[in-house]
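Descriptive structure summary
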Amino acid sequence: MEVYLAQPRGFCAGVVRAIEIVERALEKYGPPVYVRHEIVHNKYVVESLKNKGAIFVEELSEVPPKAVTVFSAHGVARSVEEEAAARDLPVLNATCPLVTKVHNQGKRYITRGRTLILIGHAGHPEVEGTMGQVPAPVLLVQSVEEVKTLNLPADTPVAYITQTTLSVDDTKDIISALHARFTDIQGPDIRDICYATQNRQSAVRDLSKLVDVILVVGAANSSNSNRLREIGTEARVASYLIADGSELNPEWLKNAESVGITAGASAPEVLVDDVIEAMRRIGPVKVQVLPGREENIEFRLPAQLAAS
């Protein structure tokens, strides 16, 4: 069986930075280090950090006094930052710099007197963090239909920002609907969309032209991993989201001559290897990596950890 690996796949620079922040904090301060929310949406990553001494909590009230605290890659609301400051907790902020950039864009639009619209998924921690960072009401839209129901006059000065785990392709129809709906509208440059999301989605579209089945390695609660599976399905290729090799169903591969594998931005390569090993137990496979966009971006660590 031919196995094609999408390029790029797996960890993005924001995820690498977030995990490294927790690991360096454990080295520098010793365990336990408390992490608010899953550092990234991947059970394997979370469990491996737990084994090193990280403790994951959903609320700051679960963090003991003076304990080293890490904010996850998805970002947090201002109220969480203020609560941490009021409790004098030593905080390491692992928010992805691209998420922080979205926060800052939103704040700028508000200071210019614009009504802010956020394109994103309700309930996602990044969306909750972004809405909680902007010092004014934020209107969340998830679809073209929701744009039509916005209760604002057409000449309202508006601006939009987007959840980083959505690509240019994911947002283009909603952005077009917003431009059709409002006469005075601003938004970020297309280059401000998360490079990693766009690159991984483009790679899956290339993959879908070559294979009979697509396996997306990632967590069920990972927004970007779910989207990769959807893109494969939209291309009319049988596509499945699996956490690791243990979830591989041999039935999926029964009539397949070629299989494509990719991984969400929070899934480590070791899980891709695990899926390939599971396939080898079914039958012989020949693996090749597709050409794709090289990613050389690195994000700086917080000052407290950079020199350690």
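What counts and how
For every chain, the first residue of the written sequence is number 1, and numbering continues from 1 along that sequence. Residue-level local features of this predicted model are given only where pLDDT is at least 70; pairs of side-chain atoms are given and counted only at 80 or more, and the full residue set underlies all totals for whole chains, interfaces and linings. For the side-chain quantities, the full set of heavy atoms in the structure was used; hydrogens and water were omitted. Only DSSP runs of H or I covering at least 4 residues are called helices, and only runs of E covering at least 2 are called strands; the numbering of each starts at the N terminus. Any pair of residues with heavy atoms lying within 4.5 Å of one another is described as a contacting pair. DSSP calls a pair of strands paired once it identifies at least 2 bridges connecting them. Orientation is described by axes fitted as lines to C-alpha atoms, over the contacting stretch for helices, and by angles from 0 to 180 degrees between their N-to-C directions. Here the term right-handed applies to a crossover when the path leading from its first strand over the helix to its second strand runs clockwise, the strands being oriented away from the viewer. Remark: nonpolar core denotes a set of buried residues (Ala, Val, Leu, Ile, Met, Phe, Trp, Tyr, Cys) joined through side-chain atoms within 4.5 Å. Whether a residue is buried, partly exposed or exposed follows from its accessible area with a 1.4 Å probe, protein chains only, as a fraction of its type maximum: under 20%, in between, or over 50%, in that order. A 1.4 Å probe that fits but cannot get out identifies a cavity on a 1 Å grid over protein atoms alone, an open set with protein on both sides within 12 Å along at least five of seven lines counts as a pocket, and a residue lines either if it has an atom within 4 Å of a point. Grid points are joined across faces, edges and corners, and a volume is the space filled by probe spheres set on the points.

Along the polypeptide, His103 turns up in helix 4 (residues 97-111). Contact partners of His103, with chain neighbours within four places excluded, come to Val76, Gly129, Thr130 and Gln133.

What follows covers the sheet that holds strand 9 (residues 184-186). Overall, parallel pairing links the four strands, which are arranged 7-6-8-9 in an open sheet. Strands at the two margins of the open sheet, each flanked by one partner only, are strand 7 (138-141) and strand 9. Adjacent strand axes in the sheet meet at a mean angle of 30°, parallel and antiparallel pairs treated alike. Bridge analysis of strand 6 (residues 115-119) against strand 7 gives four bridges, and the strand direction is parallel. Within strand 7, the residue paired with Leu118 across the bridge is Leu140. On the sheet, helix 7 (residues 168-181) packs against strand 6, strand 7, strand 8 (157-162) and strand 9 and is oriented at approximately 155° with respect to strand 6.

This paragraph deals with the sheet that holds strand 1 (residues 2-5). Spatially, the five strands line up as an open sheet ordered 11-10-12-1-13, and their pairing is parallel. With partners counted over all chains shown, the strands left at the sheet margins are strand 11 (238-242) and strand 13 (286-289), one partner each. Direction aside, neighbouring strands of the sheet carry axes that sit 25° apart on average. Across five bridges, the pairing between strand 10 (residues 213-217) and strand 12 (residues 258-263) is parallel. Along strand 12, the bridge assignment pairs Ile214 with Gly260. Helix 10 (residues 269-282) rests against strand 1, strand 10, strand 11, strand 12 and strand 13 of the sheet, and its axis sits at about 160° to strand 12.

The sheet contact formed by strand 10 and strand 11 spans five bridges and is parallel. Considered in strand 11, the bridge of Ile214 is made with Ser239. For the handedness criterion, the β-α-β arrangement of strand 10, helix 9 (residues 223-234) and strand 11 is classed as right-handed.

Moving on, we get to the nonpolar core. Judged by nonpolar contacts, the single largest core of 32 residues is most densely connected at Val22, Ile39, Leu49 and Val70. Residue assignment for this core shows that the elements contributing at least two residues are helix 1 (13-29), strand 2 (33-36), helix 2 (43-52), strand 3 (54-57), helix 4 and helix 8 (195-208). Considering each element in turn, this core owes the most residues, eight residues, to helix 1. In this structure Ile39 touches Ala18, Ile19, Val22, Val45, Leu49, Phe56, Val70, Phe71, Ser72, Ala73, His74 and Ala94, once residues within four positions along its chain are discounted. Counting 20 residues, the second largest nonpolar core, distinct from the first, contains Leu5, Leu215, Leu271 and Val272.

Attention now moves to empty space enclosed by the protein. This model, assessed by the stated rule, comprises one cavity of 30 Å³ or more. Size it by volume and the largest cavity reaches roughly 280 Å³. Lining the largest cavity are 22 residues; nearest its centre among them are Cys12, Val15, His74, Thr165 and Asn224. Of all elements in the fold, only helix 1, helix 8 and helix 9 reach the threshold of two or more residues within the lining of the largest cavity.

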